[in-house]
Each structure stands twice: as C-alpha cells, then as structure tokens.
Amino acid sequence: MNGVDVLTDGFARVAEAVHEAARGLDLAALHHRPDEQANSIAWLLWHLTRVQDDHVSDVAGVEQAWEQGWADRFALPLPPGDTGFGHTTEDVDAVRVDSAELLTGYHDAVYENTLSYLGGLDDDDLDVVIDESWTPPVTLGVRLVSVIADDLQHAGQAAYVRGLSLRH
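Residues numbered from 1 in each chain as written. Predicted model: local features only at pLDDT ≥ 70, side-chain atom pairs only at ≥ 80, totals over all residues. Heavy atoms only, no water.

S.K.: Whenever I open this one, the overall build of the chain confuses me. Can you help?
M.R.: Each helix and strand in the chain was counted, giving seven helices and two strands. Along its sequence from the N terminus, the chain presents helices and strands in the succession α-α-α-α-α-α-β-β-α. Relative to its length of 168 residues, the chain is compact, with a C-alpha radius of gyration of 16 Å against a globular reference of 15 Å. Along the longest, intermediate and shortest principal axes, the C-alpha atoms of the chain span 50 × 35 × 30 Å. In the chain, the share of contacts with a sequence separation of at least 24, taken over all contacts with a separation of at least 6, comes to 72%. Surface exposure of the chain reaches about 8,600 Å², of which carbon and sulfur atoms provide 52%. Side chains of the chain carry 9 positive and 30 negative charges; the gap between the two charge centres is 11 Å. (Helix = DSSP H or I, 4+ residues; strand = E, 2+ residues; numbered from the N terminus. Rg over C-alpha atoms; globule rule 2.2 N^0.38 Å. Contact = heavy atoms within 4.5 Å. Areas by Shrake-Rupley, 256 points an atom, 1.4 Å probe, with all protein chains shown as cover. Lys, Arg positive; Asp, Glu negative; His and termini not counted. Charge placed at Lys NZ, Arg CZ, Asp CG, Glu CD.)

Here it is, written out as structure tokens:
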C-alpha cells in the first residue's frame, strides 16, 4: 500500500462515517443540539464536507462541488464561500436541511471529486510543498491528512450527537 492508497482509504472511512451518522435520521434528530454551544449533526456533516470540498478543490485546481449546484440545493442564509469556520451559535442554527439525503448526497459528490483527484496522484506528488506560510511548510500529503483528521473528528462528534439525539 502506498501513500495515495492510504489517503484513499482515509477518505473512504470519512464517507462511511458520514453515512452512518446520517442514516435514518429525521429532521429533529439532524438539527438536535444537546446544548446551545453544541453543533447539530446537520451542521457537523455539512461543515466537514464543506472543508473537504474547499481544501481538495483548492489543491486540485478545480471548482468546488458546492459551486456546481449544491449551494442552491441547500439554500443556506450564509455567504457563498462559507465553510463553517468561526461560526456562532446563530450560524450553526442557520444550517438547516430538508433531509439526511441532502447531506449524504453532497458528501458523495465531494468524495467522488476527491477520489478522482487522488487517482491522478503518485507518492512523489505528496511531498510537494503547497503552502509556505507555515513553519514547516505544508506538503500536499500533510494537507490531505489534515483534512481526513478534521473530517473524522467531526464525524465522531456527529456520531456522539446522534446517540444523544436518539435518546430524546
């Protein structure tokens, strides 16, 4: 297994976790927040997908899936390029969806774009420095691992909130 294979496996695990977190949930469960500072499952899945879409599209040099109709389908009252970073509790409340399938459909589109991009890489590409504003500079491999790590953390949070919401 090479580095690209490991990244492909990591993004597959994210997709599985997204589907598991959203599976069978109604709108009340998707939007449930255990307290006013917590994020809803809808927000968590939307945010992790937005981050993957934004970051992978950026390094791939392609348009985000969000900009190819998904923003219109969600129709959120947020700026077009919003990914959820720095959201207030009011912003979290604004991320309302009409179904779990909307969230998983968007994630599937982003995942397919991610797989397409990864399919064109080889291990040498992962060592290319893509951001010199950090110390040490960030390579493509490090950026992609950080997206997986962030996504899996949020997917785990969504699984936890799912457990709490199903008790109510």
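Following the structure, the description resumes.
S.K.: Mind showing me how you'd approach a negative patch on the surface here?
M.R.: A surface patch of like charges, here negative, comprises D5, D122, D123, D124 and D127. Relative to the assigned elements, D123 resides in the loop between α6 (100-119) and β1 (129-131). (Patch = residues over 30% accessible without salt bridge, like charges linked within 9 Å, V, L, I, M, F, W, Y side chains within 5 Å. Salt bridge = Lys/Arg side-chain N within 4 Å of Asp/Glu carboxyl O.)

S.K.: Is there a simple way to explain the pattern of salt bridges in this structure?
M.R.: Pairs can form between side chains of opposite charge whenever their charged atoms are close. By the definition in use, this model includes five salt bridges. Of the charged contacts in the structure, one is a salt bridge between R23 and E20, with a shortest N-O distance of 2.5 Å. For E20, a relative accessible area of 41% puts it in the partly exposed group. Notably, a salt bridge pairs R50 with D53, separated by 3.6 Å at the nearest N-O pair. With a gap of three residues between them, R50 and D53 both fall in helix α3 (residues 41-60), about one helical turn apart. There is no split in this pair, since R50 and D53 are both buried. (Buried < 20%, exposed > 50% of the residue type's maximum accessible area, 1.4 Å probe, protein only.)

S.K.: Help me understand the packing of aromatic side chains in this model?
M.R.: When we look at a pair of aromatic rings, we describe it by the centre distance and by the angle of the planes. Counting across every chain of the model gives five aromatic pairs. Note on W70 and Y106: the rings are 5.7 Å apart at their centroids and 40 degrees apart in plane angle, and the pair reads as tilted. Linking W70 in helix α4 (residues 70-74) with Y106 in helix α6, this pair joins segments that are 36 residues apart in sequence. Here F74 and Y106 contribute two aromatic rings whose centre-to-centre distance is 5.6 Å and whose plane-to-plane angle is 70 degrees, an arrangement assigned as edge-to-face. Taken together, the positions of F74 in helix α4 and Y106 in helix α6 put the pair 32 residues apart, joining distant regions of the chain. Like Y106, F74 is buried. In textbook terms, an aromatic cluster arises when at least three aromatic residues are bridged by ring pairs, as seen for W46, W66, W70, F74 and Y106. Cation over ring: R73 sits above W70, and NZ or CZ is 4.1 Å from the ring centre. (Phe/Tyr/Trp six-rings, centres within 6.5 Å; stacked < 30°, edge-to-face > 60°. Lys NZ or Arg CZ within 6 Å of the ring centre and 35° of its normal.)

S.K.: Before we go on, may I ask you to explain the side chain of H107 in this structure?
M.R.: As for its placement among the helices and strands, H107 is situated in helix α6. Filtering out sequence-adjacent residues up to four positions away, H107 remains in contact with V14, A15, V18, L48, T49 and Q52.

S.K.: Please clarify how helix α1 (residues 3-22) should be interpreted in this entry.
M.R.: One full turn of an α-helix is made of 3.6 residues, so residues set three or four places apart face in the same direction. Counted at 1.5 Å a residue, the expected span for α1 with its 20 residues is 28 Å, and the 29 Å between its end C-alpha atoms agrees. The set of residues buried in α1 consists of V4, L7, G10, F11, A12, V14, A15, V18, A21 and A22. In this fold, the buried residues of α1 make contact with α3, α6 and α7 (140-165). Capping the start of α1, N2 holds a side-chain oxygen 3.0 Å from the backbone nitrogen of V4, two or three residues further along. (Expected span 1.5 Å × (residues − 1). Polar contact = N/O pair within 3.5 Å; in protein donor to acceptor, adjacent residues only side chain to side chain.)

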